[in-house]
Amino acid sequence: SIRQFRLQESFPEDKRKGGDSMLDRVKTRLQSFGYVMKDGDEVILTFSVEKVTNTIKNDCNVSEIPDGLMNIAIDMAVGEFLTVKKTFSPNDIAGLDLDYAVKQLQEGDKNTVFATGEGSLTAEQRLNNFLNHLLTYGRDEFSCYRRIRW
């Protein structure tokens, strides 16, 4: 269909070594957090991917998303999508697994504890922290791929 062609045309950098498009990888990432796609999500998700793609291209002054930023782009697109869902349809994200984070890592005699104090946060605070992480983590890596504008 014409819409499908436009989607493929919008993301020429989508096809990577694994063959999955960025849109497919974003869907997979959402599923890993326990989100189930619903009717109407495709449009919001496509917009989120396009927004993140344009942001990275413009910020770095490149014609396609570098491989080194692809995972960051996927998380940013997930963050954009979930932010829209939180704003306009909060019941749709009620089933998200926000307890996915590693709390403790022990290797030999080393012990590292993450997410300290998270037990005192409300579900909404944990969701806001999670969305903030998805939207901002890795943005400092953009500078590694930035090209000077003439």
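Cut-off values and rules
- Residues numbered from 1 in each chain as written.
- Predicted model: local features only at pLDDT ≥ 70, side-chain atom pairs only at ≥ 80, totals over all residues.
- Heavy atoms only, no water.
- Helix = DSSP H or I, 4+ residues; strand = E, 2+ residues; numbered from the N terminus.
- Salt bridge = Lys/Arg side-chain N within 4 Å of Asp/Glu carboxyl O.
- Buried < 20%, exposed > 50% of the residue type's maximum accessible area, 1.4 Å probe, protein only.
- Phe/Tyr/Trp six-rings, centres within 6.5 Å; stacked < 30°, edge-to-face > 60°.
- Expected span 1.5 Å × (residues − 1).
- Arc of directions from axis to C-beta.
- Axes fitted to C-alpha atoms, helices over the stretch in contact; angles between N-to-C directions.
- Left-handed = near helix turned anticlockwise from the far one by under 90°.
- Contact = heavy atoms within 4.5 Å.

Caption draft 1: Local environment of the environment of Phe130. Position of Phe130 relative to the elements: it lies in helix 5 (residues 123-136). With 48 residues separating them in the primary sequence, Phe130 and Leu82 have C-alpha atoms 9.9 Å apart.

Caption draft 2: Highlighting the pattern of salt bridges. For the structure shown, the criterion picks out six salt bridges. Between Asp41 and Lys85 there is a salt bridge, with the nearest N and O atoms lying 2.8 Å from each other. In this pair, Asp41 sits in helix 3 (residues 41-60) while Lys85 sits in helix 4 (residues 70-88), placing the two residues 44 residues apart along the sequence. Residue classification places Asp41 among the buried positions, given a relative accessible area of 1%. Glu80 serves as the salt-bridge partner of Lys51, at 3.2 Å between the closest nitrogen and oxygen. Separated by 29 residues along the polypeptide, Lys51 in helix 3 and Glu80 in helix 4 bring together distant segments of the chain. Several salt bridges converge on common partners, so that one network encompasses Asp41, Lys85 and Asp92.

Caption draft 3: Spotlight on the packing of aromatic side chains. Evaluation of the coordinates by the stated rule reveals two aromatic pairs. Summarising the aromatic geometry, the rings of Phe33 and Phe130 are spaced 4.9 Å apart at their centres and angled 80 degrees between planes, so their arrangement reads as edge-to-face. Placement of Phe33 in the loop between helix 2 (22-32) and helix 3 and of Phe130 in helix 5 is noted, with a sequence separation of 97 residues between them. On the basis of relative accessibility, which here comes to 6%, the residue Phe130 falls in the buried class. Ring centres of Tyr35 and Phe81 lie 5.4 Å apart, and the angle between their planes is 80 degrees; on these two criteria the pair is classed as edge-to-face. Taken together, the residues span a long stretch of sequence, with Tyr35 in the loop between helix 2 and helix 3 and Phe81 in helix 4 at a distance of 46 residues. The burial state of Tyr35 is the same as that of Phe81; both residues are buried.

Caption draft 4: Looking closely at helix 5. Between the first and last C-alpha of helix 5 there are 20 Å, a value that for 14 residues agrees with the 20 Å anticipated at 1.5 Å per step. Regarding helix 5, the residues found buried are Leu127, Phe130, Leu131 and Leu134. Here the buried residues of helix 5 occupy an arc of 100 degrees about the axis, which is enough to place them on one side.

Caption draft 5: Fine view of the packing of helix 4 against helix 5. Helix 5 packs onto helix 4 with a crossing angle of 145 degrees between their chain directions and a minimal axis gap of 7 Å. Once helix 4 is placed against helix 5, the crossing between them reads as left-handed. On the side of helix 4, the interface is formed by Asp75, Met76, Val78, Gly79, Glu80, Leu82, Thr83 and Lys86, while helix 5 contributes Glu124, Leu127, Asn128, Phe130, Leu131, Leu134 and Leu135.

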